Amino acid sequence: MKHLNKIIQFLNQKEVKLLLLIGFLFRTLLFLMYLKITKVPDSWSYMELSEYILKLDFSGYIGWRSPGYPILIALAFGTMKITMLYQFLIGLFTLCFWYATLEELQFSKKQSFWIVLLINSLLCYFFFETAILVEAFVVFVFSIIFWMLSKKYLEEPTLIQLVLISLLLGFLVLIKPFYAYVSFLFYGLYALKSFSFKKIINRRIIILIFPLIAYFGWSYVNKLNTGYFVSTTYFGLNISQNCVYFVEKAPEKYKWIKDPYIKYRDEAIKENKDVAMSIWYAYNDSVFNKYYNNFPDLSNELGKFGKETIENNQADFFEQVISKSFLDFWKVFDMKPFVKFNNSSVDSIIGFIWKIQSFIIQIFKIVFIGLMFFYFYLFLKNRRITFELIIIALVFSSSVLQALVTFGNNSRFSFPFEFAMIVVVLLFVKNHIKSPKFLNKYLQ
């Protein structure tokens, strides 16, 4: 009852009520001009798994996706319109957590209101909320995690708080297995705070439990259905994507993969298509069907091909990671090509507004990169775990890991962190720029 009263008091704040009203009107107005649901090449795979969830029977499922997001679609009875409505509601709840996070970070009510309102007006959130994609859901879950971090739930946590964080991180893994590292990152940061071998194992280890159960549990389900213990059967194909710029150096025993890979890559370059998707173009044209008609088997072979090619050409791999995959993470993902408004004039205006907004987001990201060095220096100096440090560690580790794991649409990996990056920049301005002597303070 105590917690319920706090929630009611929070929602009764005039700033929160106004944010929810504006957020609702903003989404409604844009959708009335759009009147459709965005489907992208990935959408069908989430819809397919939702059908298995509705049947409560995974037998025969070949493991394209993990079940976190398809659960949301299943709760919408597999209907895309209801799924989009859920995502709009999730977007409104996200605003509440953003506002609460900013208040915890000592922004005033007025400042919190305007910051959330401006971030809510970024069209990228609407683009993803109208799409059958995981991003809007991931943003929502991360917004709860950021709120917990701002309340310092990992500082001196209770058992209940640790269990709640573990459950949330576990569900995040079910949405996107890539995020399995997040719980280890949080655990490791607090182990480093006042490091001693006696404190390596501490009560925060609870936060690892549910993410591990989620990752290995779903991998076991895939093992039963496909014969391969992987979080998704895309894994092998994703590894092979990393070879796109040095596929010529692949072992000759993989000639059946190498030759079509080179052909489709060269065609992609010639036609100005996304080169990172070259292996997908070959797969979609069924060129591998005469070797492997079953996708899990094919993906497993592509994984072997990718691992061996990378191992034999490590210099080429790391050059691609640094010069392409890593840098792509820091770009702003453009969802607009998938979102076409019915009226061409409206579509042009929306496109123009988005170009301006994406430029602003890009500036924030560039400033954030510079601030990473500053906050890492502060940590080395005073060993304090701050909100800014956790966010920087989280975003930086994501930028490195995604670059190592896959090549293609890498900027989508940074989208769920854009709110946090903007907040870190604003926190720096709020806490340091106001004092012209701040550099002297830290450089003494």
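Note that the structure is predicted; figures quoted are calculated from it, not measured.

Colleague: Mind laying out the packing of aromatic side chains, listing which residues take part and the relevant values?
Modeller: Applying the stated criterion across every chain, the model contains 51 aromatic pairs. With a centroid separation of 6.4 Å and an interplanar angle of 45 degrees, the aromatic rings of Tyr-61 and Trp-218 are classed as tilted. Linking Tyr-61 in the loop between helix H3 (43–55) and helix H4 (68–75) with Trp-218 in helix H11 (residues 209–226), this pair joins segments that are 157 residues apart in sequence. Residue Tyr-61 is classed as buried on the basis of its relative accessible area of 1%. Ring centres of Trp-64 and Phe-295 lie 4.3 Å apart, and the angle between their planes is 20 degrees; this geometry places the pair in the stacked category. In this pair, Trp-64 sits in the loop between H3 and H4 while Phe-295 sits in helix H15 (residues 295–312), placing the two residues 231 residues apart along the sequence. Exposure remark for Phe-295: the relative accessible area of 5% places this residue in the buried category. An aromatic cluster of at least three residues, connected via ring pairs, comprises Phe-142, Phe-146, Phe-178, Tyr-179, Tyr-181, Phe-413 and Phe-417. The ring of Tyr-52 has Lys-55 lying over it, and the distance from NZ or CZ to the ring centre is 4.6 Å. It is Lys-273 that lies over the ring of Tyr-281; its NZ or CZ is 4.2 Å from the centre.

Colleague: I'd love a proper account of empty space enclosed by the protein, names of residues and values included.
Modeller: Considering all chains together, one arrives at two cavities of 30 Å³ or more under this definition. Taken as a whole, the largest cavity encloses approximately 80 Å³ of empty space. For the largest cavity, the lining is made up of 13 residues, of which Gly-91, Thr-94, Tyr-125, Glu-129 and Val-139 are closest to its centre. Of all elements in the fold, only helix H5 (80–104), helix H7 (123–129) and helix H8 (135–150) reach the threshold of two or more residues within the lining of the largest cavity. When residues of the lining of the largest cavity are assigned to their parent elements, the largest contribution, five residues, is made by H5. Class assignment for the residues of the lining of the largest cavity results in eight nonpolar, three polar and two charged. In this structure, the second largest cavity spans a volume of roughly 40 Å³. Lining the second largest cavity are Ile-145, Met-148, Leu-149, Leu-154, Ile-165, Leu-168 and Phe-186. Of all the secondary structure elements, the ones that give two or more residues to the lining of the second largest cavity are H8 and helix H9 (159–175). Tallied by class, residues from the lining of the second largest cavity come to seven nonpolar, no polar and no charged.

Colleague: Got a sec to walk through the nonpolar core? Specific residues and values, please.
Modeller: With 109 residues, the main nonpolar core has Phe-142, Phe-146, Phe-368 and Phe-417 as its most contacted residues. Of all the elements, H8 adds the most residues to this core, at eleven residues. If you look at the next biggest cluster of nonpolar residues, it comprises 38 residues, including Leu-49, Tyr-254, Ala-268 and Ala-403.

Colleague: I'd like a rundown of the environment of Phe-364, residues and numbers included.
Modeller: Looking at the element boundaries, Phe-364 is found in helix H17 (residues 344–382). Note on Phe-364: relative accessible area 23%, which makes it partly exposed. Put simply, Phe-364 and Phe-305 are 59 residues apart on the chain and 39 Å apart in space, counted from C-alpha to C-alpha. Residue contacts for Phe-364: discarding those within four places in its chain leaves Ile-422, Val-425 and Leu-426.

Colleague: Talk me through unusual backbone geometry; I want residue IDs and the actual numbers.
Modeller: In terms of backbone geometry, most residues other than glycine have negative phi values and most peptide bonds are trans. Phi is positive for Asn-272, close to 60 degrees, though the residue is something other than glycine. Turning to its location among the elements, Asn-272 is positioned in the loop between helix H13 (255–270) and helix H14 (278–284). The exposure class of Asn-272 is exposed, given its relative accessible area of 71%. One non-glycine residue, Asn-409, lies in the positive phi region at around 55 degrees. Its place among the elements puts Asn-409 in the loop between helix H18 (387–405) and helix H19 (418–433). Asn-409 sits in the partly exposed class, given a relative accessible area of 34%.

Colleague: How would you sum up a nonpolar patch on the surface? Please name residues and give values.
Modeller: Taken together, the side chains of Ile-349, Phe-352, Ile-353, Ile-356, Phe-359, Ile-360, Ile-363, Ile-366 and Val-367 make up a nonpolar region of the molecular surface, amounting to roughly 840 Å² of accessible area. Structurally, Ile-356 can be placed in helix H17.

Colleague: Can you lay out the layout of surface pockets for me, pointing to particular residues and giving the numbers?
Modeller: Counted as a void, the largest pocket has a volume near 1,500 Å³. Lining the largest pocket are 49 residues; nearest its centre among them are Asp-42, Asn-238, Gly-408, Asn-409 and Phe-413. At the level of elements, H3, helix H12 (235–241), H14, helix H16 (314–329) and H18 are the ones that each hand at least two residues to the lining of the largest pocket. With four residues, H14 is the largest single contributor of residues to the lining of the largest pocket. Broken down by class, the residue content of the lining of the largest pocket amounts to 28 nonpolar, eleven polar and ten charged. Looking at the second largest pocket, its volume works out to about 900 Å³. Taken together, 24 residues make up the lining of the second largest pocket; nearest its centre are His-3, Lys-6, Ile-7, Trp-147 and Tyr-153. Where the lining of the second largest pocket is concerned, the elements lending two or more residues are helix H1 (2–11), H5, H8 and H9. The biggest single contributor to the lining of the second largest pocket is H1, with seven residues. Of the residues in the lining of the second largest pocket, the class split is 15 nonpolar, four polar and five charged.

Colleague: Lay out the side chain of Ser-183 with the relevant residues and their values.
Modeller: Looking at the secondary structure, you find Ser-183 in helix H10 (residues 181–193). The buried category is assigned to Ser-183, whose relative accessible area is 1%. Beyond its immediate chain neighbours, meaning those up to four positions away, Ser-183 contacts Leu-169, Ile-207, Leu-208 and Pro-211.

Colleague: I'd like a description of the packing of H5 against helix H6 (residues 109–120), backed by residues and values.
Modeller: Geometrically, a packed helix pair is captured by the angle between its two axes and the distance between the axes. The contact between H5 and H6 brings their axes to 9 Å, and the two run at 145 degrees. In this structure, the crossing between H5 and H6 has a hand that is right-handed. The residues of H6 that touch H5, namely those facing Leu-95, Trp-98, Tyr-99, Leu-102 and Glu-103, are Lys-109, Ser-112, Phe-113, Ile-115, Val-116, Ile-119 and Asn-120. Its residues placed into classes, the contact of H5 with H6 shows eight nonpolar, two polar and two charged.

Reading guide: rules and limits
Residues numbered from 1 in each chain as written. Predicted model: local features only at pLDDT ≥ 70, side-chain atom pairs only at ≥ 80, totals over all residues. Heavy atoms only, no water. Phe/Tyr/Trp six-rings, centres within 6.5 Å; stacked < 30°, edge-to-face > 60°. Helix = DSSP H or I, 4+ residues; strand = E, 2+ residues; numbered from the N terminus. Buried < 20%, exposed > 50% of the residue type's maximum accessible area, 1.4 Å probe, protein only. Lys NZ or Arg CZ within 6 Å of the ring centre and 35° of its normal. 1 Å grid on protein atoms, 1.4 Å probe; cavity = no way out; pocket = protein on both sides within 12 Å on 5 of 7 lines; lining within 4 Å. Points joined across faces, edges and corners; volume = space filled by probe spheres on them. Nonpolar A, V, L, I, M, F, W, Y, C, P; charged D, E, K, R; others polar. Core = buried A, V, L, I, M, F, W, Y, C linked by side-chain atoms within 4.5 Å. Contact = heavy atoms within 4.5 Å. Patch = residues over 30% accessible without salt bridge, like charges linked within 9 Å, V, L, I, M, F, W, Y side chains within 5 Å. Areas by Shrake-Rupley, 256 points an atom, 1.4 Å probe, with all protein chains shown as cover. Salt bridge = Lys/Arg side-chain N within 4 Å of Asp/Glu carboxyl O. Axes fitted to C-alpha atoms, helices over the stretch in contact; angles between N-to-C directions. Left-handed = near helix turned anticlockwise from the far one by under 90°.

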